[in-house]
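The residues making up each chain are set out below.
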Amino acid sequence: TLYFQAFLQMCNLPIQVVCRANAEYMSPSGKLPFIHVGNQVVSELGPIVQFVKAKGHSLSDGLDEVQKAEMKAYMELVNNMLLTAELYLQWCDDVTVEEITHPRYGSPYPWPLNRILSYQKQWEVRRKMKAIGWAGKTLAQVLEDVDQCCQALSQRLGTQPYFFNKQPTELDALVFGHLFTILTTQLTTDELSEKVKNYSNLTAFCRRIEQQYFEGHDKDSSATVTAQSAKRSLLR
Amino acid sequence: DVPVLISEDIVISQPAKILNFLRKQKYNADYELSAKQGADTLAYIALLEEKLLPALLHTFWVEAENYCSVTKPWFASRIPFPLSLYLPGKMSREALNRILLTRGGPPLYSLTEVEAQIYRDAKECLNLLSKRLGTSQFFFGDTPTTLDAFVFGFLAPIYKVCFPRVQLQEHLKQLPNLCRFCDDVLTCYFRLTVSGHSPAGQDTADANLQKLTQLVNKESNLIEKMDDNLRKSPQHPPRKLTTLKLAAGGEESSPLNRLSP
């Protein structure tokens, strides 16, 4: 959800984040997060970006066709590598699953519902991993992939403030969302966050976006973003 | 598991590992690329896998007319019986599974909706590739790189295979620079003759056939020898016969080990 918050902040739209246990049911598509603006409710990445664009806010208008293609390609890289690696670590690494994921995922529900739902989710994620060929990967290989992805992002970012130089785009919001999550979420090992910390320009990038868009932001709003997961503390 | 690279005694089976192996042997198409271009390569490969691959899998393995009239007979003709009855079906089910698990789910509830979405994504991906290629010969200038190989690998089947249902091919044909790119790679690196058969490919097929014939001949010679031995000494006690069988087994297995890839 951090990606959405960052994206909406970058568009200079004031937002308020609210946590609800029944959030998935409130969402029109069943997926989180969703935004509630006036009397409209819009969920999921693509539709939210389109909605915001239709209202006259877009971050990638300044890019030419080739740059837009590049931006989309890098967003897919992040989805392909980082998101899948996060899912893998959360649901396929036995230690993490037992100690962190099961308790966290099942926390809103009473026993035995919490165990049933989290096992069901785990089974779903493992099926997906098997279909895309990640089931056979060891944790070391997954970390290797994350490293490769971070290296690519670091090389693309270079010394620029944002990926497409002066202005932030959807890609910046997406990368921030994922990297920040990796850097701040408490896991059984620090290996994943260490991989990201190896690239100083990426950590500087995260800090910069956090300072610019998340510190001292306005609480009163005209839109609310709803999420099910627990709050995370900001990077210090 | 395919593809497989066999070099002397080493067998390597996944694309990423094959590329690593080739790089260690000093074969590297990306040597001239800058760090940023290397990063771009990874990003575009991810784009291909996320946006184009589902539609490609669908065209080959899920679209009923295509699968029944082209893909299944084609693959079955290359797979030995009785696997040819089972494997194509399994690959088809796995393709559908992969599409549904990665792209299905709310708000897309039916297979038709998922199909519509994956084809939209694939067409958008083709458009993006076309914009990125522009008027250059290859994606990073005048020499081909890993990205060119990947893109070619995805585009060539769409471009060349004659399916009954061809919406993706028709869209690709509207992007002349991508078609030109495929044709260039085919003429430069695959040297297709007019009839469409690669002469290098034909030679390899002939060499393989020769090897196979030699193997079969050797085995039949061995069997004849065993037969002769048995005929010449019918009154040998069972113990000695067992020894003979073991010796023949040992003799038979070692040439097989030597000849097998």
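From a predicted model like this one, the values you see are computed outputs, not experimental measurements. (Residues numbered from 1 in each chain as written. Chains lettered and ligands numbered in written order. Predicted model: local features only at pLDDT ≥ 70, side-chain atom pairs only at ≥ 80, totals over all residues. Heavy atoms only, no water.)

Side note on the confidence of the model for chain A
Here is step 1: Across chain A, the average pLDDT comes to 77, with 83% of residues at 70 or higher.
Here is step 2: Ignoring residues within four places in sequence, the model shows residues 217-236 of chain A, a span with pLDDT below 50, making 62 contacts including any to other chains. (pLDDT = per-residue confidence, 0-100. Contact = heavy atoms within 4.5 Å.)

Focus on the nonpolar core
Here is step 1: One finds A:F7, A:L153, A:F176 and B:L52 to be the most contacted residues of the largest nonpolar core, which totals 115 residues.
Here is step 2: Here this core gets 15 residues from one element, more than from any other, and that element is helix 2 (residues 35-62) of chain B.
Here is step 3: Among all residues touching A:L153, those that are not within four sequence positions of it are A:Y74, A:V78, A:L82, A:F163, A:V175 and A:L202. (Core = buried A, V, L, I, M, F, W, Y, C linked by side-chain atoms within 4.5 Å. Buried < 20%, exposed > 50% of the residue type's maximum accessible area, 1.4 Å probe, protein only. Helix = DSSP H or I, 4+ residues; strand = E, 2+ residues; numbered from the N terminus.)

Notes on the packing of aromatic side chains
Here is step 1: Counting across every chain of the model gives nine aromatic pairs over all chains.
Here is step 2: An aromatic cluster is defined as three or more aromatic residues linked by ring pairs; in this entry it consists of B:W61, B:Y67, B:W74 and B:F75.
Here is step 3: A cation sits over an aromatic face here: A:K137 above A:W134, 4.1 Å from the ring centre.
Here is step 4: Between the NZ or CZ atom of A:R156 and the centre of the ring of A:F164, over which it lies, the distance is 4.9 Å. (Phe/Tyr/Trp six-rings, centres within 6.5 Å; stacked < 30°, edge-to-face > 60°. Lys NZ or Arg CZ within 6 Å of the ring centre and 35° of its normal.)

Digging into the side chain of A:E76
Here is step 1: In this structure, A:E76 sits in helix 4 (residues 65-91).
Here is step 2: In this structure, A:E76 is in contact with B:A46, B:L47, B:E50 and B:K51, ignoring residues within four places of it in sequence.

Things to note about the packing of helix 4 of chain A against helix 6 (residues 113-132) of chain A
Residue and element names in this part refer to chain A.
Here is step 1: The geometry of helix 4 relative to helix 6 is characterised by a closest axis approach of 10 Å and an angle of 135 degrees between their N-to-C directions. Looking at the two axes, helix 4 sits oblique to helix 6. For the crossing formed where helix 4 meets helix 6, the hand is left-handed. Contacts from T84, L87, Y88 and W91 of helix 4 reach helix 6 at S118, K121, Q122, V125, R126, M129 and I132.
Here is step 2: Taken together, the residues of the contact of helix 4 with helix 6 break down into six nonpolar, three polar and two charged. (Axes fitted to C-alpha atoms, helices over the stretch in contact; angles between N-to-C directions. Parallel < 35°, antiparallel > 145°, perpendicular 65-115°, else oblique. Left-handed = near helix turned anticlockwise from the far one by under 90°. Nonpolar A, V, L, I, M, F, W, Y, C, P; charged D, E, K, R; others polar.)

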